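Each chain is listed here by its residues.
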Amino acid sequence: MSYPEAVKIVEVSPRDGLQNEKQVIDVNDKLTLINGLRAAGVKNIEVAGFVSPKWVPQLADAKQVCAGLVDDGVTQYSALTPNMKGLEAAIDSGINQVAVFTAASESFNQKNINCSIAESFERFAPVMDKAHSLGIQVRGYVSCVLGCPYEGEINPEAVADVANKLYDMGCFEVSLGDTIGTGTPLKAKTMFELCAQYVPVEKLALHFHDTYGQALANIHACLQSGASVIDSSVAGIGGCPYAKGATGNVSTENVVYMLNGMGITSGIDLSKLIQTGRQISGVLGRKPNSQVNHAMS
Ligand code: HMG
Ligand code: MG
């Protein structure tokens with residue numbers, strides 16, 4: 001059994017974290033969050049979603065958020081783009097890395113992006129072409145990899161099939177989303193290893209929500225199978241408005257604490273990260289959903 005020496009953290013709090021909040025967060029607060037993450041050494045930050053403002057009003061300010069981003073030459077910003085309209089808006093906003101998202105569950109896909117899995121790939125084809133013609137990298141997400149709020153158990157073969165298609169289509173990285181956090185370590189490992197038969201292991205990312213407190217255990221299990229990219233969210237904020245009951249992403253503080261303890265480099269300063277987690281939690285009017293953040297007060 002071996003662990004990676006270093007891990008890439010993809011911070012999703014400004015997008016996944018804030019899309020599920022009841023209140024709409026002010027653009028300046030979003031930018032303070034993003035700049036706090038940068039100051040903590042986070043190099044990959046998903047800052048916005050160019051999705052329908054009717055579907056996700058919390059992200060309707062994507063253009064303004066992108067206009068306020070600091071280009072420090074180090075941080076890679078990215079944004080969700082479900083279709084050509086989203087991609088065009090992302091391009092106009094100067095974003096040079098985008099993400100398409102689909103699912104291993106037909107029912108969830110209908111609820112989330114109003115189309116079947118096959119139709120989602122038809123939508124993505126021109127997005128990939130245009131993005132690549134401009135040198136824009138495209139990430140791919142698969143949702144419901146360890147369970148669906150509408151269909152229950154999901155066959156790992158279905159996950160691997162969608163992951164394989166996203167990679168074949170030209171996604172530079174495929175993120176495996178346990179959208180509702182129902183996964184447990186052995187199932188996560190089995191699913192991850194199956195996906196790694198189709199997509200190079202270093203191109204797979206773990207995107208685990210923590211609804212049942214299993215996310216760190218799931219990540220640990222997959223690290224043993226070669227995972228080296230982890231999506232997480234400071235203060236454990238997050239969730240999908242179209243996945244009832246889904247709570248936050250695994251907290252970045254908890255992930256970094258675990259990695260530090262295992263001698264795995266993430267390049268992130270935990271104490272600065274903790275401050276950022278407290279800052280955004282203050283804006284949201286609650287305490288960070290992160291044991292490490294509480295313990296290190
Ligand atoms: P639709 O209604 O099927 O789209 O929505 P449409 O093409 O028929 O257009 C309908 C209206 O939306 C039109 O406006 C379009 O212009 C507009 P109207 O004429 O009614 O005024 N529209 C757009 N507006 C802004 N940006 C766009 C856009 N596209 C169309 N890109 C659509 C399809 C995909 C747009 C919609 O279903 C949608 O926006 N869904 C968003 C879902 C979402 O953001 N979910 C959360 C993110 S995914 C997630 O959290 C999971 C993840 O974290 C991984 C995990 O945890 O599993 C990634
Ligand atoms: Mg998510």
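Let us look at the structure shown here.

The rules behind these values
Residues numbered from 1 in each chain as written. Chains lettered and ligands numbered in written order. Predicted model: local features only at pLDDT ≥ 70, side-chain atom pairs only at ≥ 80, totals over all residues. Heavy atoms only, no water. Helix = DSSP H or I, 4+ residues; strand = E, 2+ residues; numbered from the N terminus. Rg over C-alpha atoms; globule rule 2.2 N^0.38 Å. Buried < 20%, exposed > 50% of the residue type's maximum accessible area, 1.4 Å probe, protein only. Contact = heavy atoms within 4.5 Å. Areas by Shrake-Rupley, 256 points an atom, 1.4 Å probe, with all protein chains shown as cover. Lys, Arg positive; Asp, Glu negative; His and termini not counted. Charge placed at Lys NZ, Arg CZ, Asp CG, Glu CD. 1 Å grid on protein atoms, 1.4 Å probe; cavity = no way out; pocket = protein on both sides within 12 Å on 5 of 7 lines; lining within 4 Å. Points joined across faces, edges and corners; volume = space filled by probe spheres on them. Nonpolar A, V, L, I, M, F, W, Y, C, P; charged D, E, K, R; others polar. Arc of directions from axis to C-beta. Donors = N, O, S within 2.8 Å, 3.2 Å for Na, K, Ca; no water. Core = buried A, V, L, I, M, F, W, Y, C linked by side-chain atoms within 4.5 Å.

### Some words on the overall build of the protein
Move 1: A count of helices and strands for the protein gives 12 helices and eight strands.
Move 2: A globule of 297 residues ought to have a C-alpha radius of gyration of about 19 Å, and the protein, at 17 Å, matches this closely.
Move 3: Summarising its shape, the C-alpha atoms of the protein cover approximately 50 × 45 × 35 Å along the three principal directions.
Move 4: Looking at the protein as a whole, 56% of its 297 residues are labelled buried.
Move 5: Taking the intrachain contacts of the protein between residues at least 6 apart in sequence as the baseline, contacts between residues at least 24 apart amount to 75%.
Move 6: Only carbon and sulfur atoms are counted for the fraction: they give 51% of the accessible area of the protein, which is about 11800 Å².
Move 7: Of the side chains in the protein, 22 bear a positive and 29 a negative charge, and the two mean positions are spaced by 6 Å.

### Things to note about empty space enclosed by the protein
Move 1: Under the defined criterion, the tally for this structure stands at one cavity of 30 Å³ or more.
Move 2: Of the pockets and cavities examined, the largest cavity occupies roughly 60 Å³.
Move 3: What lines the largest cavity is K8, V10, N44, I45, E46, Q76, S78, Q97, R139, F172 and E173.
Move 4: Of all elements in the fold, only β1 (8-11), β2 (44-49) and β3 (76-80) reach the threshold of two or more residues within the lining of the largest cavity.
Move 5: Looking at the lining of the largest cavity, the element that brings in the most residues is β2, giving three residues.
Move 6: By residue class, the composition of the lining of the largest cavity is three nonpolar, four polar and four charged.

### Things to note about the environment of L69
Move 1: In this fold, L69 is placed in the loop between α3 (62-67) and β3.
Move 2: Separated by 164 residues in the primary sequence, L69 and S233 have C-alpha atoms spaced 18 Å apart.

### Comments concerning helix α4 (residues 84-92)
Move 1: Looking at α4, one finds that the buried residues are G86, L87 and A90. Down the axis of α4, the buried set is contained in an arc of 100°. They therefore lie on one face. α4 presents K85 and D92 as exposed residues on the side facing more than 90 degrees away from its buried surface.
Move 2: Lining the buried residues of α4 we find β4 (97-103) and α6 (117-133).
Move 3: Residue G94 follows α4 closely and has a positive phi angle near 80°.

### Description of the layout of surface pockets
Move 1: Of the volumes computed, that of the largest pocket is approximately 710 Å³.
Move 2: At the level of elements, α1 (13-19), α3, α4, α5 (106-113) and β5 (137-143) are the ones that each hand at least two residues to the lining of the largest pocket.
Move 3: Residue classes in the lining of the largest pocket are distributed as 19 nonpolar, 13 polar and six charged.

### Examining the coordination of the magnesium ion (ligand 2)
Move 1: Here the magnesium ion (ligand 2) is held by the protein donor atoms D16 (OD), H207 (NE2) and H209 (NE2), which lie 2.1 to 2.3 Å from it.
Move 2: Here the donor residues of the magnesium ion (ligand 2) share one chain and are spaced in sequence as D-x190-H-x1-H. Here D16 is found in helix α1, whereas its partner H207 is found in strand β7 (residues 204-208), with 191 residues between them in sequence. Residues D16 and H207 agree in their burial class; the two are buried.

### As for the nonpolar core
Most often, soluble globular proteins have nonpolar side chains that are buried together.
Move 1: V47, I95, V142 and L176 are the most contacted members of the largest nonpolar core, which totals 85 residues.
Move 2: No other element matches α6, which puts six residues into this core.
Move 3: Setting aside its immediate chain neighbours within four residues, V47 contacts P14, R15, I34, V65, C66, L69, Y77, S78 and I95.
Move 4: Residues V51, V56, C115 and A205 belong to the second largest nonpolar core, which totals 13 residues.

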